[in-house]
Amino acid sequence: MLGSRAAGFARGLWSVALASLPGWRGRSSALARATGAPHGGDLQPSACPGPRGRQLSLSAAAVVNSAPRPLQPYLRLMRLDKPIGTWLLYLPCTWSIGLAAEPGCFPDWYMLSLFGTGAILMRGAGCTINDMWDQDYDKKVTRTASRPIAAGDISTFQSFVFLGGQLTLALGVLLCLNYYSIALGAGSLLLVITYPLMKRITYWPQLALGLTFNWGALLGWSAIKGSCDPSVCLPLYFSGVMWTLIYDTIYAHQDKRDDVLIGLKSTALRFGENTKLWLSGFSVAMLGALSLVGVNSGQTAPYYAALGAVGAHLTHQKWGLKILPRLIL
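What you are looking at is a predicted structure, and each value in this text was computed from that prediction instead of being measured.

Caption draft 1: Region of the structure containing the environment of Ile201. With respect to the helices, strands and loops of the structure, Ile201 is situated in helix H9 (residues 198-201). Remark: the alpha-carbon pair of Ile201 and Leu264, spanning 63 residues in sequence, is separated by 8.1 Å.

Caption draft 2: Spatial organisation of a nonpolar patch on the surface. A cluster of nonpolar residues, Trp133, Leu189 and Ile193, forms a patch on the protein surface that exposes about 260 Å² of accessible area. Position of Trp133 relative to the elements: it lies in helix H5 (residues 109-138).

Caption draft 3: Main features of the pattern of salt bridges. Following the criterion strictly, the structure yields 8 salt bridges and no others. Among the salt bridges present, the one from Asp131 reaches Arg79, with a minimum N-O distance of 2.8 Å. Here Asp131, found in helix H5, pairs with Arg79, found in the loop between helix H3 (72-77) and helix H4 (84-100); they are 52 residues apart in sequence, far enough to count as distant. The same class applies to Asp131 and to Arg79, which are both buried.

Caption draft 4: Representation of the nonpolar core within the structure. Counting residues in hydrophobic clusters, the biggest one holds 54 residues, and the most contacted among them are Phe115, Leu177 and Met286. Ranked by residue count, the leading element in this core is helix H12 (residues 230-252), at 11 residues. In terms of domain composition, this core takes at least three residues from each of domain 1 (60-176) and domain 2 (190-328). By size, the runner-up hydrophobic cluster in this structure holds 8 residues, among which are Leu77, Met132, Ile149 and Val192.

Caption draft 5: Seen up close, the side chain of His253. Within the fold, His253 resides in the loop between H12 and helix H13 (256-262). Accessibility expressed as a relative area gives 14% for His253, which makes it buried. When near neighbours in sequence (up to four residues on either side) are disregarded, His253 contacts Ala268, Gly272, Thr275 and Ile323.

Caption draft 6: View of the packing of aromatic side chains. This model, assessed by the stated rule, comprises 11 aromatic pairs. Between Tyr74 and Phe162 the ring centres are 5.1 Å apart and the planes differ by 65°, which places this aromatic pair in the edge-to-face class. Here the residue Tyr74 occupies a position in helix H3, and Phe162 occupies one in helix H6 (residues 156-174), the gap between them amounting to 88 residues. Between Trp204 and Trp278, the aromatic rings sit 5.6 Å apart at their centres with planes inclined by 70°, giving edge-to-face as the arrangement. One end of the pair, Trp204, is in the loop between H9 and helix H10 (205-213); the other, Trp278, is in helix H15 (residues 275-296), and 74 residues separate them in sequence. Residue Trp278 is classed as partly exposed on the basis of its relative accessible area of 30%. What links up through ring pairs into an aromatic cluster is the set Trp204, Phe271, Trp278 and Phe282.

Caption draft 7: Molecular detail of the environment of Ala252. Positionally, Ala252 belongs in helix H12. Along the primary structure Ala252 and Thr267 are separated by 15 residues, whereas in three dimensions their C-alpha atoms are 7.4 Å apart. Among residues more than four places away in sequence, those in contact with Ala252 are Gln206, Asp259, Ser266 and Ala268.

Caption draft 8: Representation of the layout of surface pockets. Taken as a whole, the second largest pocket spans an internal volume of roughly 610 Å³. In this structure, the second largest pocket is lined by 27 residues; those nearest its centre are Gly118, Met122, Ala170, Gly185 and Ser188. Of all the secondary structure elements, the ones that give two or more residues to the lining of the second largest pocket are H4, H5, H6, helix H7 (179-186), helix H8 (189-194), H10 and helix H11 (216-225). A total of 7 residues in the lining of the second largest pocket trace back to one element, the largest contributor, which is H5. For the lining of the second largest pocket, the class distribution of residues is 19 nonpolar, 7 polar and 1 charged. For the lining of the second largest pocket, the two domains that each supply at least three residues are domain 1 (60-176) and domain 2 (190-328).

Caption draft 9: Examining the packing of H5 against H6 more closely. The interhelical angle for the contact between H5 and H6, taken along N-to-C directions, is 155°, at an axis separation of 9 Å. Considered as vectors, H5 and H6 are oriented roughly antiparallel to each other. In the crossing of H5 with H6, the sense of the turn from one axis to the other is left-handed. Residue-level contacts link Leu114, Thr117, Gly118, Leu121, Met122, Gly124, Ala125, Thr128, Ile129, Met132 and Gln135 of H5 to Thr156, Ser159, Phe160, Phe162, Leu163, Gln166, Leu167, Leu169, Ala170 and Val173 of H6. When grouped by side-chain class, the residues that make up the contact of H5 with H6 number 13 nonpolar, 8 polar and no charged.

Caption draft 10: Inspection of H6 at higher detail. End to end, H6 covers 26 Å across 19 residues, agreeing with the expected 27 Å (1.5 Å per residue, within 8%). Of all the positions in H6, only Ser159, Leu163, Gln166, Ala170, Val173 and Leu174 are classed as buried. All buried residues of H6 project into a common sector of 90° when viewed along the axis, lining one side. Facing away from the buried surface of H6 by more than 90 degrees, the exposed residues are Phe157, Thr168 and Leu169. Contact partners of the buried residues in H6: H3, H5 and H7.

About the thresholds
- What you see as residue numbers is a count from 1 along each chain, following the sequence as written.
- Residue-level local features of this predicted model are given only where pLDDT is at least 70; pairs of side-chain atoms are given and counted only at 80 or more, and the full residue set underlies all totals for whole chains, interfaces and linings.
- For the side-chain quantities, the full set of heavy atoms in the structure was used; hydrogens and water were omitted.
- Secondary structure counts use DSSP, requiring at least four H or I residues in a row for a helix and at least two E residues in a row for a strand, with both numbered from the N terminus.
- Within this analysis, patches are made of residues with over 30% relative accessible area and no salt bridge. Like charges are joined at 9 Å or less; nonpolar side chains (Val, Leu, Ile, Met, Phe, Trp, Tyr) at 5 Å or less.
- Using a 1.4 Å probe, accessible areas were evaluated by the Shrake-Rupley method; residue-level cover was limited to the displayed protein chains.
- Just to be clear on terms, a salt bridge is a Lys or Arg side-chain nitrogen sitting within 4 Å of an Asp or Glu carboxyl oxygen.
- Note on exposure labels: buried denotes an accessible area under 20% of the residue type's maximum, exposed denotes more than 50%, and partly exposed covers the range between, all computed with a 1.4 Å probe on protein chains only.
- The definition of a nonpolar core used throughout is a set of buried Ala, Val, Leu, Ile, Met, Phe, Trp, Tyr and Cys residues joined through side-chain atoms within 4.5 Å.
- For the domain bounds, the source is a domain assignment made automatically or taken from a database.
- It only takes one pair of heavy atoms within 4.5 Å for two residues to be counted as in contact.
- To pair, rings of Phe, Tyr and Trp, with the six-membered ring standing in for Trp, must have centres within 6.5 Å; the planes then decide the type, stacked if under 30 degrees apart, edge-to-face if over 60, and tilted in the middle.
- Definitions used for this entry: grid spacing 1 Å over protein atoms alone; cavity, a set of points where a 1.4 Å probe fits but cannot get out; pocket, an open set with protein on both sides within 12 Å along at least 5 of 7 lines; lining residue, one with an atom within 4 Å of a point.
- Grid points are joined across faces, edges and corners, and a volume is the space filled by probe spheres set on the points.
- Three residue categories are used. Nonpolar comprises Ala, Val, Leu, Ile, Met, Phe, Trp, Tyr, Cys and Pro, charged comprises Asp, Glu, Lys and Arg, and polar comprises the others, including Gly.
- Working convention: axes come from line fits to C-alpha atoms, limited for helices to the stretch in contact. Angles between N-to-C directions cover 0 to 180 degrees.
- By the definition adopted for this analysis, an angle is roughly parallel if under 35 degrees, roughly antiparallel if over 145, roughly perpendicular if from 65 to 115, and oblique otherwise.
- Handedness of a helix crossing follows the sense of rotation of the near helix relative to the far helix, less than a right angle counterclockwise being left-handed and clockwise being right-handed.
- Here, expected helix span is obtained from the residue count minus one, scaled by 1.5 Å.
- To be clear, the arc concerns the directions from the helix axis to the C-beta atoms.

In short, geometric facts, not functional conclusions.
Below, the structure written as structure tokens:
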């Protein structure tokens, strides 16, 4: 019988393919599409058009909009209305938890739930830190001007207090793990605090984001096994970083004009017309590292089948990407 950890990780890799579609960060509501129907009392005959019934929406944005008004700015500050970023933080955790499962056993559901909670809290904390650092820049960019701090819905002091609350809850989650994992998790805090600053000083802020967002690839394994196995965890972490460079470089192209105007840097500006070539290199590195993970952890056919599907998707995505030949200001 094929090991279920291979099958579980195969599903995780397919999630990678789905999550890395172009424009992911601007289209997070696609993960939970609205569904609705008119109330019975509002139905009208087709010949007599009347008021349309209210729709019941299950999208993350609709849930945030239905929350008590005083809470909404804080929920938007956490980006709860745009959950794709939380998934991108959570998925590397699920990869390592799935790989660490014993052959023939499902991944630890308690750990998956614990890391899911931690991903929500730490993604919220990271967004809060980012918006505190970037509030002056956000006011100058149409896409970010409506963020709660930039728009004046939340003061800097209020966001600082809110950040403390999120980090306290995240610490509670971390303390549920073993001592090795507590120390390893605490080590990521410096990355969480500093990565929003990288776009001011380097053309590689996406690398800093990758180092931060994929820490769970190390932490998930240690939470199950008690320590990290470098032969598995390091190539898994590296592959996650390459994946982040792929999707966040694609996303950064939509902000090139604003980045130039306000003096920020990105890999999109660094690569320019050579973006597809760089993305090809990152894709090869990612797939190579994941292949090494499979060999070192004794994976079987489902793992490599999923890896092939991911490779096909990345190729399709790369060739479907349209890069403007040059930035005209």
